[in-house]
Amino acid sequence: AFLLCNIEAAKASKRFIQTDLNRSFLVKDVITTEHKRAVEIASIVKRSKFILDLHQTIEPTEKEFFIFEHIPKLIKIAHSLLPEIPIVTFSLGGFSESGKTVLEFATTVGSTALAIECGEKGYNPQITTKIVKLIYKLINKLELNDLPETTESIEVNNLSKSIVNEEGSYLIKGLKNHMKLIKG
């Protein structure tokens, strides 16, 4: 199934209406439009075995990448499904202080959930074509149950701290996600 998550924001061509939907799971008080939508999505996630959450980055990115909680089982699954995609993880302490992501919620209910950051926000036909091909490859592997155990080491980039992007500002102007840097 395919689920468009923040429908009201999409209609308004915005990331969110009141609060970030992907920080609206397991909140104490369900108040905002996004909190209410998170409750609806949570009922679907509870019945799902596997979730692939597609996102776009705020900053430009050299290539798409997985991002999810630092759980060894998830790292192995992501690598088995699409070994060509870099893996970025975040601490089990949470991605954000304001609420949980759909990935974190899925973990609490025993679902397997991975996210792929597909590239910089906005429509790009080349990125769209590439992501569609990757998703078909992933679906085929899942259908065939083709998840070989790997004995090779898997490179994982772990976020030790989330960094807030304030109003489109860059940490260092001109850098992109997964850009190769040369010392000096």
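Note: the structure precedes this text.
What you are looking at is a predicted structure, and each value in this text was computed from that prediction instead of being measured.

Visitor: Explain the overall build of the protein here, please?
Guide: A tally of regular secondary structure across the protein gives five helices and five strands. Scanning the protein from its N terminus toward the C terminus, one meets helices and strands in the order α-α-β-β-α-β-α-β-α-β. Burial statistics for the protein: of 184 residues in total, 35% are counted as buried. By sequence separation, contacts in the protein at least 24 residues apart represent 68% of the contacts at least 6 residues apart.

Visitor: Sorry if this is basic, but what is going on with the environment of C118 here?
Guide: The residue C118 is located in strand β4 (residues 112-120) in this model. Placed 57 residues apart in sequence, C118 and T61 show a C-alpha to C-alpha distance of 8.4 Å.

Visitor: Which parts of the structure should I look at to understand helix α2 (residues 33-45)?
Guide: Along an α-helix, a turn takes 3.6 residues, which lines up residues three or four apart on a common side. Between its terminal C-alpha atoms α2 stretches 18 Å, which fits the 18 Å expected from 13 residues at 1.5 Å a residue. Where α2 is buried, its residues meet α1 (7-11), β1 (50-57) and α4 (102-108).

Visitor: Would you mind going over the pairing of strand β2 (residues 65-69) with me for this structure?
Guide: Along any regular strand the residues' side chains alternate between the sheet's two faces. Counted residue by residue, β2 has five buried out of five residues, so it is predominantly covered. Bridging between β2 and β4 involves three bridges; their strand directions are antiparallel. Paired with F66 across the bridge in β4 is I116. Assessed by its sense of winding, the connection that carries the chain from β2 through helix α3 (residues 72-81) to strand β3 (residues 87-90) is right-handed.

Visitor: Could you clarify how one ought to interpret the pattern of salt bridges in this entry?
Guide: Where charged atoms of side chains with opposite charge meet at close range, the side chains can pair. Inspection of the entire model under this criterion finds six salt bridges. With a closest N to O distance of 3.7 Å, K11 and E8 form a salt bridge. Of this pair, K11 and E8 both sit in helix α1, three residues apart, roughly one helical turn. Residue E8 is classed as partly exposed on the basis of its relative accessible area, which comes to 43%. Residue K130 pairs with E64 through a salt bridge whose shortest N-O separation is 3.5 Å.

Visitor: Can you help me understand the sheet that holds β4 in this one?
Guide: Paired through backbone hydrogen bonds, the strands of a sheet run either parallel or antiparallel to each other. The strand order across the open sheet built from five strands is β1-β4-β2-β3-β5, with neighbouring strands paired in mixed fashion. Here the strands that pair on one side only, and so sit at the sheet edges, are β1 and β5 (156-159). Within this sheet the neighbouring strands show an average axis-to-axis angle of 30 degrees, counted without direction. Its contacts with the sheet place helix α5 (residues 125-143) against β1 and β4, and it is angled at close to 165 degrees to β1.

Visitor: Please explain the nonpolar core as it appears in this structure.
Guide: Inside soluble globular proteins, nonpolar side chains tend to come together where they are buried. Of all hydrophobic cores here, the largest spans 34 residues; its most connected members are F25, V45, F66, F68, L82 and L114. If we skip the residues at most four places from it in the chain, L82 touches F66, I116, L134, K137 and L138.

Visitor: It is not clear to me how the environment of V156 should be interpreted in this structure. Could you clarify?
Guide: Of note, V156 is situated in strand β5. C-alpha of V156 to C-alpha of H79: the two residues are 77 residues apart in sequence and 9.9 Å apart in space. Discounting chain neighbours no more than four positions away, the residues touching V156 are H70, I75, I87 and T89.

Rules of the game
- Numbering of residues starts from 1 in every chain and runs along the sequence as written.
- Per-residue local features of the predicted model are confined to residues with pLDDT of at least 70, and side-chain atom pairs are confined, for both listing and counting, to 80 or more; whole-chain, interface and lining totals are unaffected and use all residues.
- Only heavy atoms go into the side-chain values, all of them from the structure, while hydrogens and water stay out.
- Going along the chain from the N terminus, every DSSP run of H or I of four or more residues is numbered as a helix, and every run of E of two or more is numbered as a strand.
- Per-residue accessibility, obtained with a 1.4 Å probe over protein chains only, is compared with the maximum for each type, and a residue is labelled buried under 20%, exposed over 50%, and partly exposed between these values.
- Note on definitions: a residue-residue contact is assigned when non-hydrogen atoms from the two residues lie within 4.5 Å.
- Here a helix's expected span is defined as the number of its residues, less one, multiplied by 1.5 Å.
- Two strands pair under a simple rule: DSSP has to find at least two bridges between them.
- Handedness of a crossover is defined as follows: with both strands directed away from the viewer, a clockwise route from the first strand across the helix to the second makes it right-handed.
- Throughout this description, the term salt bridge denotes a Lys or Arg side-chain nitrogen within 4 Å of a carboxyl oxygen of Asp or Glu.
- Note on definitions: angles span 0 to 180 degrees between N-to-C directions of axes, and those axes are lines fitted to C-alpha atoms, for helices only across the stretch in contact.
- Each nonpolar core is a collection of buried residues, namely Ala, Val, Leu, Ile, Met, Phe, Trp, Tyr and Cys, held together in the definition by side-chain atoms within 4.5 Å.

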